[in-house]
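One-letter residues, chain by chain:
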Amino acid sequence: MHKLLTNDQSKKMMVLGNEAIARGALEAGLAFAATYPGTPSSEISLNFFQISQESDLYFEYSANEKVAMEMAAAAANSGVRSMAIMKHVGLNVAADALMTLAYVGVKAGLVVLTADDPFMFSSQNEQDNRYYAKLGGLPMLEPSSVEEAKEMVGQALGISEQLQVPVLFRTTTRINHSTAPVDLKPLNIGKPEGKFDKDPMNYVTVPAISRRLHVKLLEKLEKAKELSETSPFNFIEGTGKWGIICSGVSYNYVSDAVKDLGIGDKTRILRIGFSNPLPEQKIKAFLKDCDQVLVAEEGEPFLEEAVKAFAQEEALTLKIKGKDKDLFSRLYEFNPAIARQAMANFFGIPYTPPAIADTSDVPEIPNRPPNLCAGCSHRATFYAVKKAAVGRNTIYPTDIGCYTLGFLPPLSMADFLICMGSSVGTAGAFSKVTGDKVISFIGDSTFFHSGIPGLASAVFNNHNFTLVILDNGTTAMTGHQPNPGVQMDDWKLDGYGRVSIENVVRSLGVQHVTVIKPLKINKSIDAIKEAIDYQGVSVIISEEVCVLFAKGLERVKKRKSFRVTDRCKNHQDCVKELGCPAFYMADDRPAIDPVMCVGCAVCAQICPENAISPVKDKA
Amino acid sequence: METTNVILCGLGGQGILFMTKIFAHAALGKGFNIIGAETHGMAQRGGSVISHLKIGDPESSLVRAGSADFLVALEENESYRNLPFVASHARIYVNSDSGKFPVAQVKSFLQAHEIAAYAAPASQMAGELGASLSTNLAMIGFYSAFNEKPFTSGELRETVERISPERFRELNLKVFDTAHDYGKSQGPV
């Protein structure tokens with residue numbers, strides 16, 4: 001049984017923030033969930049995926065976040081409690097659906113989870129999705145801890161149902177990926193069975209209807225404001241005159257700092273957990289009880305600007321600050337030291353931060369970014385493309401997935417990236433305006449997510465570039481989730497369809513399509529040369545299962561690891577051109593760590609001395 | 001109770017998350033509160049990985065610079081990288097197969113801050129037991145020999161036994177015990 005399906009409530013359970021959110025929703029009647037995976041949200045849906053296999057919960061990996069949002073919208077409007085789960089930038093993709101779903105509303109609770117990523121641990125930007133709540137006119141809740149996240153997500157479903165509007169639930173990485181003990185309540189998984197009552201005058205958003213629906217949304221927002229005013233998620237601690245308004249994980253740093261600085265008798269903290277609409281009266285009253293107020297929030301000055309506007313309405317002139325060069329930054333995530341220093345600066349408390357150990361004598365450790373795995377087929381594809389394109393001026397737009405890691409030397413196979421699908425969308429323009437040979441890279445899952453429209457557009461507009469689709473049979477970077485192109489036998493599940501990438505590409509009208517096996521280096525180079533010689537849109541589909549994923553697959557045979565033999569004359573092509581982490585230098589010569597090597601044999605194929613051979617079986 | 005701050009570090013794929021889990025479950029077993037902050041997402045792709053653990057009565061999950069009571073590193077260079085987290089008079093436990101740990105400059109740093117360093121060839125030990133991917137368990141076993149608060153080695157061992165997947169349980173315990181016994185005979189470097 002899945003551990004989150006236990007009904008033993010006698011003891012606390014140690015869970016990851018994302019597990020707490022999953023369990024909280026399942027205790028609150030969730031029946032339907034859809035997602036496109038994205039860190040830091042991925043474990044919520046991974047747990048739902050597993051749980052759906054042994055309970056009534058309906059769960060699906062949709063092709064992208066917009067589809068996930070639409071699925072949840074339809075389920076919730078058929079009376080089924082639903083969730084759509086995504087990372088912050090995923091909400092950009094789903095926003096088209098959400099902004100008008102706000103008008104249409106819901107019948108049963110619908111929570112839209114957005115997992116923001118301050119500091120960009122695994123994202124391309126650190127946008128602050130609280131503004132989506134304002135933009136859409138949607139209630140928003142934000143937890144400060146793992147335990148609160150579990151409680152709050154259930155409340156969010158209830159508030160959504162009560163107000164008949166989707167509720168945004170915003171987390172940050174420090175909630176999603178923190179571990180803490182939580183109390184369990186009885187499970188209450190709903191049945192994904194509903195009924196759709198036709199009501200086109202409220203559901204079909206032609207202009208005349210939307211004009212009326214917008215009025216309804218504003219009425220709902222007024223009701224939401226009343227809930228926010230009395231919500232236990234907006235609470236005050238302390239009775240001092242030094243005000244601190246905070247939300248999310250900042251509240252924890254502030255609480256620790258108040259203790260450390262010994263200013264508990266002077267401070268008054270307003271923790272905002274129901275952050276749209278804000279509890280206007282509560283904030284105004286709070287301001288009147290304070291003689292200065294510091295706003296502690298990661299990201300943009302969302303609370304700060306609102307609080308200043310409330311102060312203006314009350315003609316209050318107390319000092320209110322948040323984002324300032326001596327206080328808090330709009331950049332990155334906070335930590336306890338940042339909060340302590342900002343509070344000391346703002347309230348004028350003498351404070352010397354503990355001296356940070358002077359490590360200037362310690363040799364500088366180079367940054368160690370994540371790397372393509374030993375034996376990753378993307379490395380082979382990148383190498384083959386590089387060889388095939390020798391002598392040409394090339395531009396390599398890339399996309400979002402493990403293969404983005406190919407941007408570092410020695411591969412250096414990425415020149416441009418802005419979002420999911422941009423490898424395809426930007427390719428035509430680079431080619432048109434520069435005349436360079438453009439070779440784009442996109443993964444299988446990203447292709448289904450948002451690569452297909454770009455390719456259709458390119459065929460129609462007769463662009464000239466080569467698209468390399470790196471099909472490794474899974475959505476690898478986020479933890480091996482399925483996508484529409486995978487064989488679900490690999491997950492030991494039936495009842496799924498499967499979409500052939502090759503068929504999609506051909507039916508979009510691409511004339512030059514080649515499928516390669518990238519671990520066969522020379523054949524691959526030849527095929528890629530032909531593709532890039534082709535005038536027009538050509539597609540290479542590079543098929544090889546992800547090495548990490550393959551470890552759990554019976555269908556993939558284990559290969560022998562390789563070793564560098566005495567024939568080695570130390571050209572070091574293997575090390576310098578591939579950058580495979582299984583290699584290390586032993587006495588100035590390349591050697592292979594047999595534990596890391598998975599036997600892809602790419603190095604053996606490029607060694608000019610033929611000096612890399614499989615490890616012999618032990619006698 | 002007083003809060004114990006712990007830093008676990010190493011490389012993606014070495015099993016830092018499982019180590020974190022062992023601490024978390026050990027804490028839960030004793031009824032301690034614990035907050036851990038982990039690196040996920042790219043965690044299996046060989047990059048630097050760090051886990052912050054606070055056991056006791058913490059509000060926030062991140063360990064402040066200069067405040068870690070001890071550090072366990074699965075890789076030598078990552079222990080150097082994370083030295084700023086370590087408090088004076090604290091301890092660091094480092095996996096080092098090279099036998100060259102610590103380099104001279106680090107040694108003088110450790111002396112200046114009165115930080116005791118203990119090293120074990122944990123990858124080698126795990127490899128010799130046929131568990132080359134269990135450096136993490138070897139390091140837990142090794143560090144458990146030094147009576148760090150708040151867990152006894154018995155409690156850590158029991159946790160490993162309890163949360164290891166069945167097919168790895170016996171081997172995990174063997175790695176733990178071997179490294180623990182090795183630790184018993186080791187002093188600071």
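Cut-offs used in this document
- Residues numbered from 1 in each chain as written.
- Chains lettered and ligands numbered in written order.
- Predicted model: local features only at pLDDT ≥ 70, side-chain atom pairs only at ≥ 80, totals over all residues.
- Heavy atoms only, no water.
- Buried < 20%, exposed > 50% of the residue type's maximum accessible area, 1.4 Å probe, protein only.
- Helix = DSSP H or I, 4+ residues; strand = E, 2+ residues; numbered from the N terminus.
- Pairing = 2+ DSSP bridges.
- Expected span 1.5 Å × (residues − 1).
- Contact = heavy atoms within 4.5 Å.
- Buried area = accessible area lost by both parts, 1.4 Å probe.
- Salt bridge = Lys/Arg side-chain N within 4 Å of Asp/Glu carboxyl O.
- Polar contact = N/O pair within 3.5 Å; in protein donor to acceptor, adjacent residues only side chain to side chain.
- Domains from an automatic or database assignment.
- Axes fitted to C-alpha atoms, helices over the stretch in contact; angles between N-to-C directions.

1. As for the pairing of strand β2 (residues 33-37) of chain B
Residue and element names in this part refer to chain B.
Then comes step 1: For β2, the tally of buried residues reaches four of five residues, placing the bulk of the element in the interior.
Then comes step 2: As paired strands, β2 and strand β3 (residues 48-56) are joined by five bridges and run antiparallel to one another. Considered in β3, the bridge of I34 is made with I55.

2. With respect to helix α9 (residues 207-230) of chain A
Then comes step 1: End to end, α9(A) covers 35 Å across 24 residues, agreeing with the expected 34 Å (1.5 Å per residue, within 8%).
Then comes step 2: By the burial criterion, the buried members of α9(A) are A:I209, A:S210, A:L213, A:L217, A:K220, A:L221, A:A224, A:S228 and A:E229.

3. So, the interface of chain A and chain B
Then comes step 1: Taken together, the contact pairs 48 residues of chain A with 40 residues of chain B.
Then comes step 2: Roughly 3,600 Å² of surface becomes buried between chain A and chain B when both sides are summed, with 61% attributable to carbon and sulfur atoms.
Then comes step 3: It is A:M14, A:I365 and A:R368 in chain A that bury the most area against chain B; as a group they hold 19% of the surface buried on that side.
Then comes step 4: Counting across the chain A and chain B interface gives four salt bridges.
Then comes step 5: A salt bridge links A:R368 to B:E75; the nearest nitrogen and oxygen atoms lie 2.7 Å apart.
Then comes step 6: For the pair chain A and chain B, the number of links is 10 residue pairs in polar contact (both at pLDDT 80 or more).
Then comes step 7: Those elements that provide at least two residues to the side of chain A that touches chain B are β1 (13-16), β8 (178-182), α10 (250-261) and α13 (336-347) of chain A.

4. Considerations on the domain arrangement of chain A
By convention, interface size is frequently given as the accessible area that disappears when the constituent parts associate.
Then comes step 1: In terms of domains, chain A is made up of domain 1 (3-230), domain 2 (235-347), domain 3 (377-551) and domain 4 (562-614).
Then comes step 2: The centre of domain 2 of chain A, based on its C-alpha atoms, is set 57 Å off from the matching centre of domain 4 of chain A.

5. Quick word on the sheet that holds strand β10 (residues 242-247) of chain A
All names here are of chain A.
Then comes step 1: Strand order in the open sheet formed by five strands is β9-β11-β10-β13-β14, with mixed pairing between adjacent strands. The open sheet has two edge strands, β9 (234-237) and β14 (319-321), and neither has a second partner. Taken over all neighbouring pairs, the strand axes of this sheet differ in orientation by 15 degrees on average, direction set aside.
Then comes step 2: Where β10 and strand β13 (residues 292-296) come together, five bridges link them in parallel fashion. In the strand pairing of β13, C246 is matched with A296.

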